[in-house]
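The lines below spell out each chain.
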Amino acid sequence: MTKRTIELDLATPGVDAQGHPTRVPLGVAEGRATPESAAEEPGLASEHMLLNLGPQHPATHGVLRLVVELDGETVVRVIPHVGYLHSGFEKLGEYRHYNQIIPLTDRTDYLSPMANNVGFALAAEKLMGIEITPRCTVLRVIACEMSRIISHMVWLGTTSIDIGAFTPFLWTFQERERIYNLQELWTGARLTTSVTRVGGMMADIPDRFIEGLRHFTRTFPKTLDEVDRVLTRNSVWVGRTQGVGPLTAAEAINHSLSGPMLRASGVPYDVRKDMPYLGYETYDFDVVVGEHGDVYDRYLVRFEECRQANRILEQAIERLPDGPVNIDNPRLILPPKSRAMNDMEAMIYHFKQVMEGVKAPVGEAYVGIENPKGELGNYLVSDGTAKPVRWRIRPPSFINLSALPKMAEGHLLSDLIAINASVDIVMGEVDR
Amino acid sequence: MKHVMETKEVAGQNPNYLLAKVQNLVDWAVNSSRANSLWPMPFGTACCAIEFMATAASRFDFARFGMERQAYSPRQADVLICAGRLPFKLAPVIRRIYDQMPQPKWVISMGACASTGGIFDNYAMVQGIDTIVPVDVYVPGCPPRPEGLLYGILLLHKKIKGESLFDQVRRRDEQPLDERGLRLPPETIDEISEPFGNSVHQFRSA
Amino acid sequence: MNPSVDALRATFGSAIGRALESCGDTIVYVRRDALLQVLAWLRDTPDQRYDYLVDITAVEYRDRERPLEVVYSVRSLERRVDLRVKVELDAEADLVVDSVVPLWRGADWLERETFDMFGISFRGHPDLRRILMWETYAEGYPLRKDFPLRGRFSRAEQVRQALAANPEAHYSMEELSIAEAYGELSPEMKERLRRGERGKLAGSE
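Treat the numbers as computed from the prediction; the structure is a model and nothing was measured. As a convention, each chain's residues are numbered from 1 in the sequence order in which they are written. Labels are handed out in written order, letters beginning with A for the chains and numbers beginning with 1 for the ligands. Totals for whole chains, interfaces and linings use all residues, but because this is a predicted model, local features are given only for residues with pLDDT of at least 70 and pairs of side-chain atoms are given and counted only at 80 or more.

## Digging into the overall build of chain B
Going along the chain from the N terminus, every DSSP run of H or I of four or more residues is numbered as a helix, and every run of E of two or more is numbered as a strand. Summing up its helical and strand segments, chain B has 6 helices and 4 strands in all. Reading chain B from its N terminus to its C terminus gives the helix and strand order α-β-α-β-α-β-α-β-α-α. The burial criterion counts other C-beta atoms lying within 10 Å of a residue's C-beta, which is placed from the backbone; the residue is buried at 20 or more, exposed at 12 or fewer, and partly exposed between these limits. Across the 206 residues in chain B, those meeting the buried criterion constitute 42%. In this description, any two residues whose backbone-derived C-beta atoms lie within 7 Å of each other are considered to be in contact. Sequence separation of 24 or more characterises 79% of the internal contacts of chain B that already satisfy a separation of 6 or more.

## A look at unusual backbone geometry
Residue and element names in this part refer to chain B. Here the amide bond leading from Gln 103 into Pro 104 is cis, since omega sits at -10°, within 30 degrees of zero. With respect to the helices and strands, the residue Pro 104 is situated in the loop between helix H3 (91–100) and strand S3 (106–110). With an omega of -10°, the peptide bond running from Cys 142 to Pro 143 counts as cis. Secondary-structure assignment places Pro 143 in the loop between strand S4 (137–139) and helix H5 (146–161).

## What about the nonpolar core?
Here, a nonpolar core denotes buried Ala, Val, Leu, Ile, Met, Phe, Trp, Tyr and Cys residues that are linked to one another through C-beta atoms within 7 Å. Counting residues in hydrophobic clusters, the biggest one holds 231 residues, and the most contacted among them are Val 79, Leu 80, Ile 81, Cys 82, Ala 91, Ile 94 and Met 110 of chain B. Per-element accounting of this core gives the leading share, 15 residues, to helix H5 (residues 134–163) of chain A. In contact with Val 79 of chain B, not counting residues within four places along its chain, are Leu 38, Pro 40, Met 41, Lys 105, Trp 106, Val 107, Ile 108 and Leu 156 of chain B.

## Let's talk about the sheet that holds strand S9 (residues 390–394) of chain A
Residues and elements named next belong to chain A. Pairing within the open sheet is antiparallel, and its 3 strands lie in the order S7-S8-S9. With partners counted over all chains shown, the strands left at the sheet margins are strand S7 (363–371) and S9, one partner each. Recorded for the sheet is a direction-independent mean angle of 10° between the axes of neighbouring strands. Relative to strand S8 (residues 374–382), S7 runs antiparallel, the two sharing 9 bridges. Each bridged residue has a counterpart across the sheet, and for Ala 365 the counterpart in S8 is Leu 380. In this analysis an axis means a line fitted to C-alpha atoms, helices contributing only their contacting stretch, and an angle means the value between N-to-C directions, from 0 to 180 degrees. Packed onto the sheet, helix H4 (residues 113–128) meets S7 and S8 and runs at close to 150° relative to S7. Two strands pair under a simple rule: DSSP has to find at least two bridges between them.

## Side note on the interface of chain A and chain B
Contacts between chain A and chain B engage 29 residues on the former and 30 residues on the latter. The set of elements that each furnish at least two residues to the side of chain A that touches chain B consists of helix H2 (89–93) and helix H6 (167–187) of chain A. Of the residues forming the side of chain A that touches chain B, the biggest block, 4 residues, is contributed by H6 of chain A. All residues other than Ala, Val, Leu, Ile, Met, Phe, Trp, Tyr, Cys, Pro, Asp, Glu, Lys and Arg, Gly among them, are scored as polar; the first ten of these are nonpolar and the last four charged. Here the residues of the side of chain A that touches chain B sort into 13 nonpolar, 10 polar and 6 charged.

## Focus: the environment of Ile 108 of chain B
Residue and element names in this part refer to chain B. Examined against the element boundaries, Ile 108 turns out to sit in strand S3. Exposure remark for Ile 108: the 24 C-beta atoms within 10 Å place this residue in the buried category. Sequence separation between Ile 108 and Tyr 72 is 36 residues; the distance between their C-alpha atoms is 16 Å.

## A short note on the confidence of the model for chain C
All names here are of chain C. Known as pLDDT, the predictor's confidence for each residue is given on a scale from 0 to 100. For chain C, per-residue confidence averages 83 on the pLDDT scale, and 82% of positions sit at 70 or higher. Mean pLDDT in chain C bottoms out at strand S8 (residues 199–201), which sits at 34, and peaks at strand S3 (residues 52–59), which reaches 94. Contacts from residues 198–205, a stretch scored under 50 in pLDDT, to residues over four places away or in other chains number 16 contacts. Our summary of model confidence lists the complex with pTM equal to 0.86 and ipTM equal to 0.85.

## Description of the packing of H6 of chain A against helix H7 (residues 209–231) of chain A
Residue and element names in this part refer to chain A. Remark: H6 packs on H7, axes separated minimally by 10 Å, with the N-to-C direction vectors making an angle of 170°. In terms of orientation, H6 and H7 fall into the roughly antiparallel class. When H6 is examined against H7, the residues Pro 168, Trp 171, Thr 172, Glu 175, Arg 178, Ile 179, Asn 181, Leu 182, Leu 185 and Trp 186 are found in contact with a partner set consisting of Phe 209, Gly 212, Leu 213, Phe 216, Phe 220, Thr 223, Glu 226, Val 227, Val 230 and Leu 231. Residues that form the contact of H6 with H7 fall into these classes: 13 nonpolar, 4 polar and 3 charged. Note on terminology: angles under 35 degrees are roughly parallel, angles over 145 are roughly antiparallel, angles of 65 to 115 are roughly perpendicular, and the others are oblique.

## Some thoughts on the sheet that holds S3 of chain B
Residues and elements named next belong to chain B. Judged by pairing direction, the sheet is parallel, and its 4 strands sit side by side in the order S1-S2-S3-S4 without closing on themselves. Strands at the two margins of the open sheet, each flanked by one partner only, are strand S1 (40–44) and S4. Averaged over all pairs of adjacent strands, the angle between strand axes in this sheet comes to 20°, irrespective of strand direction. Direction of pairing for S3 relative to S4: parallel, over a ladder of 3 bridges. For Met 110, the partnering residue across the bridge sits in S4 and is Val 139. Across the face of the sheet, helix H2 (residues 47–56) comes into contact with S1, strand S2 (79–83) and S3 while running at roughly 145° to S1.

Set out below in structure tokens:
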């Protein structure tokens, strides 16, 4: 048996919760690949292999680099390297007015841009003490749920490709195109929507939006049923996803996971229900909770979340109130263009907001929303000027990804791909 | 009186008529096959990659334009489509991927961030991938619509069809990195990375 | 004001600094040396049960007189209550604070990111190295206020340094030791390992 075990003394020794110094033993990772299991196959040279996946790789969902220590086909340890898409968002935020940051938020989690816009606007409004109109509230719920659907559709499509089924990718992307049509109708852009402003929305919905959305909520469940028929009871799918990458509830909480990752492990925590915002407590929907925390449970949780999102959309359409969509404060929100062109005061307000920006009071605010990936938090610190002192994005994908080494130990390399897919990461948010 | 017409040597064109016609035929055949079956290497990083995927999906479907098989290995790719922003940490990676692609190869820079750095004029972002790899087609947009990307691909087809196999001058000079480790002289890089536009606000922090 | 503040003051006394409320959130300042005990107490005490770490980050103010703050957001999932704990660090003195990785494994990458962006070291962190920028990034700590938006070096220099940074050289100590054990390392990486940039092999010279 030609395997050496080397104990590595770290220069900054850590102390774990029991007070034992933490070490990084080689070849033996937390109980798996023990010398006994290696002894079962005598005569086989068991050298471990170091494999580099990425950063350019079709299955890593973006520019993620995974360094994998392999014992044959079994993953002994995986070390993710991130930062290949670090774009300096938080630094840029310190140089932009609050409304100028909204286009930046589109580009962090580019799979669900409207939800990011809403999250940031809520944080800025909490900081400034603004209360939005009822119509704006419902419109933001519609925006968030539409984002949830498109994000889960990307996840579903790309996960099925990773595991081997190509066709659901085409079906789910077709559904995304329907939502893209609606987003384009509303904001003018398919992907980088920038739909909110601090105090309201960029524009009210156009006339045909609601019928388009209603039509979508009627046809969407049929596509979901098709994908369901193809995947959920498919023996290949179940075989590749059940029991793969499990996390217990305690581990999930300890790793600060959020969103479907947390709920699939059995923790019934949904920011919409537990720390409600935008009136979510008045909507009738279920929180989908899994049991085992494996890839299959995460798939089921996200799948059912799409149906629940559809349900919320139907309710939101029914209850959309009339009224103004922006608050009635010309210091905080831009006046309509026709007034800005004709009325002197409105023009001055427009000028001051665009050139100087809206000043926020001194203070700080954190708002966490239920992004499709998890809890997206925006933490804003203000010193009384128009540009924040600190804009921190609490990134759900970053934190979810940090649990990958724990989940992937002991599994096969192909399981690692499935587990990576199930985390539902978007590198724009991981790296910011 | 004989008029003597001045003939100029055109790069890649043979003065002999028949040979020129044969060359044209060969060029036509080679260029058509290259252009009509460009296998893209999707170097997708950010939001543009999602629009790239949307272009690959059923509604826009660039398989109609020859990009049936996306080559995820650079060794089998023809065109490197850099879809998305490129941070400095990723710069050596794209250079390595570009170097690994065999000739003939082209590069499409998709989106504002890949072309010029986009809205990210900060410490972390490469201000345009043309500081690192030579680019053939720039597709503007943030993100460009799938129709925009398709237009860029068609422009590349047009460019390829205008090439000539016999052109000694044109063909890819591999443009490796020079001894400084750069593709362009430093003054050029600084010049093209300069911010433009009138807003001084974007670099003032309150 | 979150009632945990009073409970904290009763238990830890002078280690708890000022407490304030901003936009409905409660913020409590803690002395640096008491941080780990305070957070462990918040996590484990039966009627506190702040079992979920929401975020770790740092804030540097534009006013140079104000110290840097390391911000820990913790949440009690069952009681649905948030609390923000801050530690003030003098920018002139050493920026070191205890790592809370023994309490929450989710703190691992969050602390690495705070180190990368602000230069704040976390004592006891198992693997403190840069996470968003590359390991040999020489320009500094980006989110500090004295770091200009477009970086300190010229663009050409940044491109040159970026292209010279060979990504395959950036393996962590764990990875280097894996490869070393099986003879795959290049001499340069073996040299790094022997120099013990962030660790040393027991049994090597």
